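Letter by letter, the chains look like this.
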Amino acid sequence: MAIEIPRIPLGDWIETGLNWLTTEYSGVTRGISRFTQTGIDGLNDALMWLPDWALLVIIAGLCWKLASPRLAIGAVIGLGLIWDLGLWDPMIETLTLVVIATLVAVIIALPVGIAAALSDRLYRAIMPILDFMQTMPAFVYLIPAIPFFGIGSVSAIFATVIFSMPPAIRFTTLGIRQVPVELIEAADAYGATRGQKLFKVQLPLSLPTVMAGINQTIMLALSMVVIAAMIGADGLGSEVWRAIQRLRPGDGFEAGIAVVILAMLLDRLTQSLRKERKQ
Amino acid sequence: MSDNRSVKIKVRGLSKVFGDQPKKALKLRDEGLKRPDILEKTGQTLGLSNIDFDVHEGELLVIMGLSGSGKSTLIRCLNRLIEPTEGEIVIDGEDIPQLSDKALLECRRRHFSMVFQNFALFPHRTVQQNAEFGLEIRGIDADTRAKTARDALSQVGLKGWEDAYPNQLSGGMQQRVGLARALANDASVLLMDEAFSALDPLIRKDMQQELLELQHRMKKTTVFITHDLDEALNIGDRIVLLKDGEVVQIGTPEEILTKPADDYVERFIEGVDMSRVLTASSAMRPVRATAREDDGPRTALRKMKENAMDSIYVTSRDRKLMGLVEADAANTAIQAGQDRLDGVLTQDFRTVGPDEPLHNLFALFNEKSFPIAVIDDERRLLGVVVKGAVLDELAQAGDQ
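Worth saying up front: this structure is predicted, and the values here are computed from it rather than measured.

About the thresholds
Residues numbered from 1 in each chain as written. Chains lettered and ligands numbered in written order. Predicted model: local features only at pLDDT ≥ 70, side-chain atom pairs only at ≥ 80, totals over all residues. Helix = DSSP H or I, 4+ residues; strand = E, 2+ residues; numbered from the N terminus. Contact = placed C-beta atoms within 7 Å. Expected span 1.5 Å × (residues − 1). Buried ≥ 20, exposed ≤ 12 C-beta atoms within 10 Å, placed from the backbone. Arc of directions from axis to C-beta. Pairing = 2+ DSSP bridges. Axes fitted to C-alpha atoms, helices over the stretch in contact; angles between N-to-C directions. Core = buried A, V, L, I, M, F, W, Y, C linked by C-beta atoms within 7 Å. pLDDT = per-residue confidence, 0-100. Parallel < 35°, antiparallel > 145°, perpendicular 65-115°, else oblique. Left-handed = near helix turned anticlockwise from the far one by under 90°. Nonpolar A, V, L, I, M, F, W, Y, C, P; charged D, E, K, R; others polar.

Q: Break down the overall build of chain B for me, citing the residues and quoting the values.
A: What chain B contains, in helices and strands, is 17 helices and 16 strands. C-alpha extents for chain B along the principal axes are approximately 85 × 55 × 40 Å. When contacts within chain B are restricted to residue pairs at least 6 apart in sequence, long-range pairs at least 24 apart make up 65% of them.

Pasting the structure below:
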């Protein structure tokens with residue numbers, strides 16, 4: 001005799017919840033949408049306004065100054081290839097999305113990470129949420145993004161921020177918690193307030209770890225921005241997406257290689273920033 | 001000597017229980033249970049129990065005990081890095097356990113500088129910035145703190161290293177930075193938590209010596225924690241001996257060595273090289289008789305005979321040591337009809353200060369075996385040491 005166990009309508013609940021959020025907070029989401037879109041357009045226009053060669057020189061110069069002449073040469077070759085393949089504009093669009101998503105993610109992640117480092121209760125509350133955010137298949141975020149923000153770049157940013165934020169939070173928390181107890185004790189012994197302890201001891205000492213987290217966030221953002229092409233985000237991702245739809249492996253790989261080049265440049269640049277901080 | 005000084009920190013009935021039911025643990029303690037029983041019955045660790053002691057103004061007080069004795073807990077209770085469970089810690093009239101959080105910050109800034117076992121220097125700050133830390137926290141302006149920190153660094157011999165980072169320095173130098181950070185802060189009490197324990201023995205001796213000199217110069221009230229009895233005896237004006245969270249004995253190094261309060265202290269001091277820490281004053285006997293400078297030879301000779309001595313020290317009216325007269329010489333003077341001692345005074349004897357280590361005294365006894373005169377800074381005669389007394393004292397110490 002089979003016992004009838006009713007199926008829990010989990011999906012229905014979530015949908016009801018999301019619908020409620022969408023209708024109740026449509027004003028808020030529309031506001032966020034407009035604000036973010038302005039930011040995206042502004043940055044995109046600025047980068048596009050620069051002549052291609054000028055931007056290339058600026059990026060190569062940054063690589064030279066922050067990292068090494070070798071990276072600068074690599075940047076020139078890599079970006080030159082992207083330009084030659086006719087992928088310059090999509091590359092700029094992708095870069096814009098990554099920069100803005102990372103910025104938003106970091107602005108949220110730093111205070112949350114710091115708070116979780118200082119409060120055990122918050123730490124326990126936040127860790128499962130982070131696990132959820134990181135392990136939930138990235139595509140799933142795209143679905144609610146559309147009713148919230150409509151098809152396009154803002155939805156892409158929303159999904160990207162959620163997907164890429166966890167490492168920045170985790171590493172910030174880790175960095176602050178890793179500060180040796182003796183140093184905290186020393187700061188306390190000399191009568192430091194909580195703020196003084198945070199800004200003079202905990203944050204400076206956790207900076208290399210925080211930077212590692214930001215590096216991870218950038219990498220995740222880049223991978224998500226590409227996926228976000230499925231909901232209408234412009235950039236290299238949409239080139240890949242189009243190649244899939246038309247079954248053109250050559251085009252797909254060209255755009256894919258451009259993503260790889262961009263990823264390597266961003267990674268080496270942020271890593272060199274981190275090493276420099278370590279003195 | 002130091003007992004006459006004013007009290008800087010008064011600690012009374014200080015106890016610390018680690019655990020969530022301190023009341024229960026203290027109740028059992030009051031019923032006479034000891035630390036292991038309390039732990040077994042309640043799961044609470046009695047870290048410190050009913051600690052009473054004073055820290056005098058300007059003294060270097062050593063709190064000494066083995067690991068688990070509660071010495072680190074004790075020093076951290078003083079500035080409330082660890083919250084005491086009960087008791088009073090009064091510094092300049094303020095009861096530290098009663099202070100609000102804000103008042104506590106203020107109290108730490110004003111009263112306590114701390115030096116740590118593992119240096120606890122900030123790796124992202126230069127030597128100079130480390131030394132400035134306490135002043136920076138107190139909001140002192142940049143120029144003043146830069147100057148104060150530089151002075152402190154040069155006091156500990158680190159001039160020229162201001163811009164180095166801690167990881168570029170040796171262990172000994174790092175601890176000098178730790179010391180400079182504490183000195184620059186100019187708090188009224190210096191807390192040193194096993195400050196030299198992580199250093200290798202030679203550097204450690206140097207640092208002890210330097211601390212003594214600094215302390216002598218600045219007269220800074222210092223509480224020094226150590227597990228090393230040699231170190232405690234070497235630098236302490238007074239020593240508080242802790243065992244299992246309780247005070248076993250408080251006293252000067254010599255009191256601890258010569259009058260150990262119980263078996264525990266006795267066992268503790270077994271390993272110490274006694275002749276190195278016993279001083280002339282411990283073997284010194286009061287002078288049975290002295291001749292006055294205006295005594296004649298006859299008076300001097302009579303004093304010697306009465307006291308069965310064959311020589312006598314001659315002192316001025318204010319007890320300053322003038323010289324020594326031997327019985328033979330006094331006889332000669334009488335036969336020659338002299339009525340003063342001036343002609344027969346000899347300087348052929350040895351003098352030492354009261355702090356002279358006992359083992360140095362052996363070499364000073366000459367063939368004639370005059371007692372060694374113990375004199376103070378102004379050549380006042382404090383007492384004498386005879387050869388037998390040195391041996392007695394050393395033998396006694398060896399037995400213990």
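Q: Describe the overall build of chain A, listing the residues and the values that go with them.
A: From N to C terminus, chain A includes 12 helices and zero strands. Reading chain A from its N terminus to its C terminus gives the helix and strand order α-α-α-α-α-α-α-α-α-α-α-α.

Q: Describe helix α3 (residues 52-66) of chain A, with residues and values.
A: Residues and elements named next belong to chain A. Spanning 15 residues, α3 covers 21 Å between terminal C-alpha atoms, matching the ideal 21 Å at 1.5 Å per step. Residues L55, A60 and C63 constitute the buried set of α3. Projected down its long axis, α3 shows its buried positions confined to an angular sector of 130°, all on one face. For α3, exposure combined with an orientation more than 90 degrees from the buried face picks out W53, A54, I58, G61 and K65.

Q: Any chance you could break down the pairing of strand β10 (residues 246-251) of chain B for me, citing the residues and the numbers?
A: Residues in a regular strand project their side chains so that they alternate between the two faces of the sheet. Direction of pairing for strand β9 (residues 238-243) of chain B relative to β10 of chain B: antiparallel, over a ladder of five bridges. Bridge pairing in β10 of chain B links L242 of chain B to V247 of chain B.

Q: Quick rundown of the sheet that holds strand β6 (residues 112-115) of chain B? Include the residues and the values.
A: Residue and element names in this part refer to chain B. Taken in spatial order, the six strands make up an open sheet running β6-β7-β8-β3-β9-β10, and their pairing is mixed. Every other strand in the sheet has two partners, leaving β6 and β10 as the edge strands with one partner each. On average, each strand axis in the sheet is tilted by 20° relative to the strand beside it, whichever way the strands run. Sheet topology places strand β3 (residues 60-64) next to strand β8 (residues 221-226); five bridges connect them, and they run parallel. Paired with M64 across the two strands is T226, which belongs to β8.

Q: An account of helix α2 (residues 26-49) of chain A is requested, with residue identities and associated values reported.
A: Residues and elements named next belong to chain A. Counted at 1.5 Å a residue, the expected span for α2 with its 24 residues is 34 Å, and the 33 Å between its end C-alpha atoms agrees. Where α2 is concerned, the buried positions are S33, T36, I40 and N44. Of the surrounding secondary structure, the elements contacted by the buried residues of α2 are α5 (88-118), α7 (138-149) and α8 (153-177).

Q: Break down the nonpolar core for me, citing the residues and quoting the values.
A: A159, V225 and A228 of chain A together with I63, A180 and V223 of chain B are the most contacted members of the largest nonpolar core, which totals 174 residues. Not counting chain neighbours up to four residues away, the residues in contact with A159 of chain A comprise Y141, L142, A145, M224 and A228 of chain A.

Q: Can you break down the sheet that holds strand β13 (residues 321-326) of chain B residue by residue, with the values?
A: Residue and element names in this part refer to chain B. The three strands are arranged β11-β12-β13 in an open sheet whose pairing can be described as mixed. Of all the strands in the sheet, just β11 (291-292) and β13 have a single pairing partner and so form its edges. Here strand β12 (residues 311-315) pairs with β13 via five bridges, running antiparallel. The residue bridging V314 from the neighbouring strand is G323, located in β13. Contacts from helix α15 (residues 327-335) reach β12 and β13 within the one sheet, and its direction differs from that of β13 by about 80°.

Q: Give a detailed account of the confidence of the model for chain A, specifying residues and quantitative values.
A: When pLDDT is averaged across chain A, the result is 89; 97% of the residues are at 70 or more. Across chain A, the secondary-structure element scoring lowest on mean pLDDT is α7 of chain A, at 83, and the one scoring highest is helix α9 (residues 181-189) of chain A, at 94.

Q: Go over the interface of chain B and chain A, please, and point to the residues and values.
A: In this assembly, 16 residues from chain B lie in contact with 14 residues from chain A. Mapped by element, the contributors of at least two residues to the side of chain B that touches chain A are α4 (101-111), β6 and α5 (127-137) of chain B.

Q: Run through the pairing of β6 of chain B, naming residues and quoting values.
A: Residue and element names in this part refer to chain B. Side chains F112 and M114 of β6 all project onto a buried face; the interleaved residues S113 and V115 project onto the opposite face, where all are buried too. As paired elements, β6 and strand β7 (residues 189-193) share four bridges and run parallel to each other. Among the inter-strand pairings, F112 is bridged to a residue of β7, identified as V189.

Q: Tell me what's going on with the environment of P253 of chain B, and back it up with residues and numbers.
A: Assignment of secondary structure puts P253 of chain B in helix α10 (residues 253-258). Residues P253 of chain B and A232 of chain B, spaced 21 residues apart in sequence, show a C-alpha to C-alpha distance of 7.7 Å.

Q: Go over the packing of α5 of chain B against helix α6 (residues 142-155) of chain B with me, naming the residues and quoting the values.
A: All names here are of chain B. Interhelical geometry of α5 versus α6 gives an angle of 120° and a closest axis separation of 9 Å. The orientation of α5 with respect to α6, classified from their angle, is oblique. Here α5 runs over α6; the crossing is right-handed. Contact with α5, carried on its side by V127, Q128, A131, E132, L135 and E136, involves R145, A146, T148, A149, A152 and L153 of α6 and no other residues of that element. The class makeup of the residues in the contact of α5 with α6 is seven nonpolar, two polar and three charged.

Q: Can you explain the confidence of the model for chain B? Please cite residues and give values.
A: Mean pLDDT over chain B works out to 86, with 93% of the residues at or above the 70 mark. On the interface metric, ipTM, the complex scores 0.76, and its pTM is 0.72.

Q: I'd like to hear about the environment of N44 of chain A, residue by residue, with values.
A: Residues and elements named next belong to chain A. Among the secondary structure elements, N44 is positioned in helix α2. Judged by local crowding, N44 falls into the buried class, with 21 C-beta atoms found within 10 Å. With 48 residues separating them along the chain, N44 and I92 place their C-alpha atoms 6.9 Å apart.

Q: Please set out the packing of α8 of chain A against helix α10 (residues 194-227) of chain A residue by residue, giving values where relevant.
A: All names here are of chain A. Viewed as axis vectors pointing N to C, α8 and α10 meet at an angle of 155°, and their least axial separation amounts to 7 Å. It follows that α8 is roughly antiparallel to α10 by the angle criterion. Judged by the sense of rotation from one axis to the other, the crossing of α8 with α10 is right-handed. Of the residues that constitute the contact of α8 with α10, the class distribution is 16 nonpolar, 10 polar and one charged.

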